[in-house]
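Summary of structural features
The primary structure of each chain is shown beneath.
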Amino acid sequence: MHFVDLLNEKVPITRKKMKLLQHLVAIIVLLTLLPFNYSLAPEDDPAKVTLLIIDSQSIQVTICPPSQQIGLITSYNVSYTGDPLDSTTHFQEFKDTFLSPAVSCSVFILTGLQEYNNYTINVRTVNSAGSSNLSTAQTAQTNEAVSTTPLNLVSDNITFASFCVTFEPPTNIDQNGPITSYTMTFQGELFNTTEYNITVSVNTVVYPLTESSSVCISDLEEYNNYTVLIRANNGAGEGDAATIT
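Bear in mind that the values here come from a model prediction, so they are computed numbers and not experimental data. (Residues numbered from 1 in each chain as written. Predicted model: local features only at pLDDT ≥ 70, side-chain atom pairs only at ≥ 80, totals over all residues. Heavy atoms only, no water.)

Notes on the pattern of salt bridges
- All told, the structure shown has one salt bridge when counted by the stated rule.
- Of the charged contacts in the structure, one is a salt bridge between Arg231 and Glu238, with a shortest N-O distance of 3.8 Å.
- Classification of Glu238 as partly exposed rests on a relative accessible area of 42%. (Salt bridge = Lys/Arg side-chain N within 4 Å of Asp/Glu carboxyl O. Buried < 20%, exposed > 50% of the residue type's maximum accessible area, 1.4 Å probe, protein only.)

Notes on the side chain of Ser58
- If you trace the backbone, Ser58 turns up in strand E2 (residues 58-64).
- If we ignore the near neighbours within four places in the chain, the residues touching Ser58 are Ile53, Ile109, Leu110, Thr111, Leu113 and Thr142. (Helix = DSSP H or I, 4+ residues; strand = E, 2+ residues; numbered from the N terminus. Contact = heavy atoms within 4.5 Å.)

What about the packing of aromatic side chains?
- Evaluated as defined, the whole model comprises ten aromatic pairs.
- With centroids separated by 5.4 Å and ring planes inclined at 85°, the aromatic side chains of Tyr76 and Phe98 adopt a geometry described as edge-to-face. Of the two residues, Tyr76 is situated in strand E3 (residues 73-83) and Phe98 in the loop between strand E4 (90-95) and strand E5 (106-110); the sequence distance between them amounts to 22 residues. We note that Tyr76, like Phe98, is buried.
- Taken together, Tyr76, Phe94, Phe98 and Phe108 form an aromatic cluster joined through their ring pairs. (Phe/Tyr/Trp six-rings, centres within 6.5 Å; stacked < 30°, edge-to-face > 60°.)

Regarding the sheet that holds strand E14 (residues 226-234)
- Strand order in the open sheet formed by four strands is E12-E11-E14-E15, and the pairing between neighbours is antiparallel. For this open sheet the edge positions go to strand E12 (195-201) and strand E15 (237-244), each flanked by a neighbour on one side alone. The average angle at which neighbouring strand axes cross in this sheet is 25°, direction not considered.
- Sheet topology places E14 next to E15; six bridges connect them, and they run antiparallel. The residue bridging Asn233 from the neighbouring strand is Glu238, located in E15. (Pairing = 2+ DSSP bridges. Axes fitted to C-alpha atoms, helices over the stretch in contact; angles between N-to-C directions.)

A look at the sheet that holds strand E1 (residues 48-55)
- On the basis of which strands lie adjacent, the open sheet formed by three strands has the order E1-E2-E5 and antiparallel pairing. The sheet is open, and its two borders are formed by E1 and E5, each paired with just one other strand. With direction set aside, neighbouring strand axes in the sheet form an average angle of 20°.
- Sheet analysis places E2 next to E5, joined by five bridges and oriented antiparallel.

Purely spatial values, then, with no claim about function.
Here it is in structure tokens:
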């Protein structure tokens, strides 16, 4: 017995047939009320992701859409992790005006990054149904920037014509690149006020630098008061000065 036969008025409707008819009608109504979503998450990763260093804190990310798209692309999710500093994985969503299918590449800029840090960047394509797998990872290193001031300056071994100064490098996140040397500037306040500059070498250039340095100056004017400035140098130039008297 077919469903159409049940609707034929020539066929007698028994209680059993009526119950079957009611079940069929209920199923049809239920199916019409269910929210169907025929969109699927993108099957492909972004076709191409390229990176361009802008400066010490910014990287430009160019994302081209996947070749196969199921549903309208709504955004790209970018994840990035730094090394050796800023090792937390960050997430950022970028939206654009996408056609269906999307054909144009989109350009976004990651900002507020750590100076002189190597970033690994991945991208997911997103539509209304979800997100794709991660793209092939791309890496880029932000540029160097000048360091902040050296820390914990201490004067010791002071005599009538000499003194020593011990100091530590800036904090890891403030070195902003491998420290290659220090510049020490000193000048007398009472007499012989000539300004002298000395380059202080670093034993081993590593990043970040952790070892302290010590410099001794001799053959000075007796009983003169000296102001000493120390700056850390890296590939971006001479950093900010720390002062001790």
